[in-house]
Amino acid sequence: MTSAAADRTPDRLAIPDDVGESSGQNVHALREALARCQCERQSDKLALARQSRELAFYRAALDALPTPIFVKNAGLRFAFFNHAYEAFFGVSRDDYLCKSVMELDYLALDERIAYQEEDARMLATQSMASHEKVYPSPLDGAGRAALYWSRGFADDTTGVAGLVGMIVDISGQKVLQDGLRETVEQLVQAHEQVRTQSLTDELTALANRRAAMLRLQGLFALTEAGELGFSLILFDLDHFKHINDSHGHDAGDAVLQAFSSVLREHCRQSDMVARFGGEEFICLLPGASLETAGHIAQRILQALQMPGASPWPVTCSAGVAAFAPGDTLARLVKRVDDALYRAKRMGRNRVCS
């Protein structure tokens, strides 16, 4: 080989000065990249572990709730339900996860269809549904009232969509509510019974004096407001004390009851008949004139003389009065009372006005 040829042949063992420096930089860069990857991987592991802990925490928290809770994914299949849901329906979570409501054999078919349609609507509109329903108990089949609530949701950022719902057992509250309603009804009935008793004469079952005065006040108010007038008839059984003295108080009570029946039979349905005290009775006749009241009183006196009308022979006297402009309640009552005593003084068994 000539000297010139030797000069043109590269020296295989000669390494440029910058090659070693470049290779070292590459190795260093690779090491840094590897270190970054390891850090990122470690960070991902820590994040995943944190997320797993959070997920386990939230799941444990939901399982601790006494209220049945469920979550469905965008395909309307169960993604989660808690222990309370399992207990409420008597099902196992492992058996029903990833299933749709159409596969829940503990619900009737028509219920499944209705729920599926409702779920689809809630998911599409991100709206809410709630209603009250009775569910059978898995233990004995007894009905349990519950409030059902569900809502569709969607996150545009993550693309997550689904449905969340819960069931609140209100059977206990229903029992309390029904018990409270029954108690209130009993109190209302008791109050009405006491009120009725306070306005009713125990012996004759007619209205008593208090009820008559309340009705009289009402008639006064209506008449003063321009409504129809009214009249009164005040009756008193003649020589009633003699019946008690001769035949006993039981006989007197029987006579009072018999006279009450006569009054009911011969007064109009719109009239009020009341025992005013002792052997005195009063009839309030809305819309009746003095003449009409007199005819009714006379008819009652005659009916009392009919055979079988009373267990003991008895007559009665009656006073009649009609409302007049300028009357007061006290003045009208005194006027009918005066008319009664005129009938007594004139020989009894008659009607005076």
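I'm lost on the side chain of D327 in this one. Help?
Take D327: it is sitting in the loop between strand 9 (316-322) and helix 11 (329-345). With relative accessibility at 8%, the residue D327 sits in the buried group. In this structure the side chain of D327 is engaged in a polar contact, spanning 2.8 Å, whose partner is the side chain of R335. Excluding its chain neighbours within four sequence positions, the residues that come into contact with D327 are F220, A322, L332 and R335.

Hey, could you run me through the sheet that holds strand 7 (residues 272-277) in this one?
The strands making up a sheet associate through hydrogen bonds between their backbones, and the pairing can be parallel or antiparallel. Read across the sheet, 5 strands follow the order 7-8-6-9-10 without closing on themselves; strand pairing throughout is mixed. Here the strands that pair on one side only, and so sit at the sheet edges, are strand 7 and strand 10 (351-352). Of the strands in this sheet, strand 6 (230-237), strand 8 (280-286), strand 9 and strand 10 touch helix 10 (residues 290-304), which is tilted by about 170° from strand 9.

I would appreciate a short explanation of the pairing of strand 7 in the present structure.
For a regular strand, side chains alternate in direction, first toward one face of the sheet and then toward the other. For strand 7, a buried count of 5 out of 6 residues is recorded, marking the element as mostly surrounded by other parts of the structure. Two strands pair when backbone bridges link them, and strand 7 and strand 8 are joined in this way by 5 bridges, in the antiparallel orientation. The residue bridging A274 from the neighbouring strand is I282, located in strand 8.

I tried to follow the environment of H266 on my own but got confused; where do I start?
The topology assignment puts H266 in helix 9 (residues 249-266). In this structure, the C-alpha to C-alpha distance between H266 and I300, residues 34 residues apart in sequence, is 6.4 Å. Beyond its immediate stretch of four places on either side in the chain, H266 contacts I296, R299, I300 and A303.

Definitions and limits used
- Residues numbered from 1 in each chain as written.
- Predicted model: local features only at pLDDT ≥ 70, side-chain atom pairs only at ≥ 80, totals over all residues.
- Heavy atoms only, no water.
- Helix = DSSP H or I, 4+ residues; strand = E, 2+ residues; numbered from the N terminus.
- Buried < 20%, exposed > 50% of the residue type's maximum accessible area, 1.4 Å probe, protein only.
- Polar contact = N/O pair within 3.5 Å; in protein donor to acceptor, adjacent residues only side chain to side chain.
- Contact = heavy atoms within 4.5 Å.
- Pairing = 2+ DSSP bridges.
- Axes fitted to C-alpha atoms, helices over the stretch in contact; angles between N-to-C directions.

Read these as layout, nothing more, since geometry by itself doesn't imply function.
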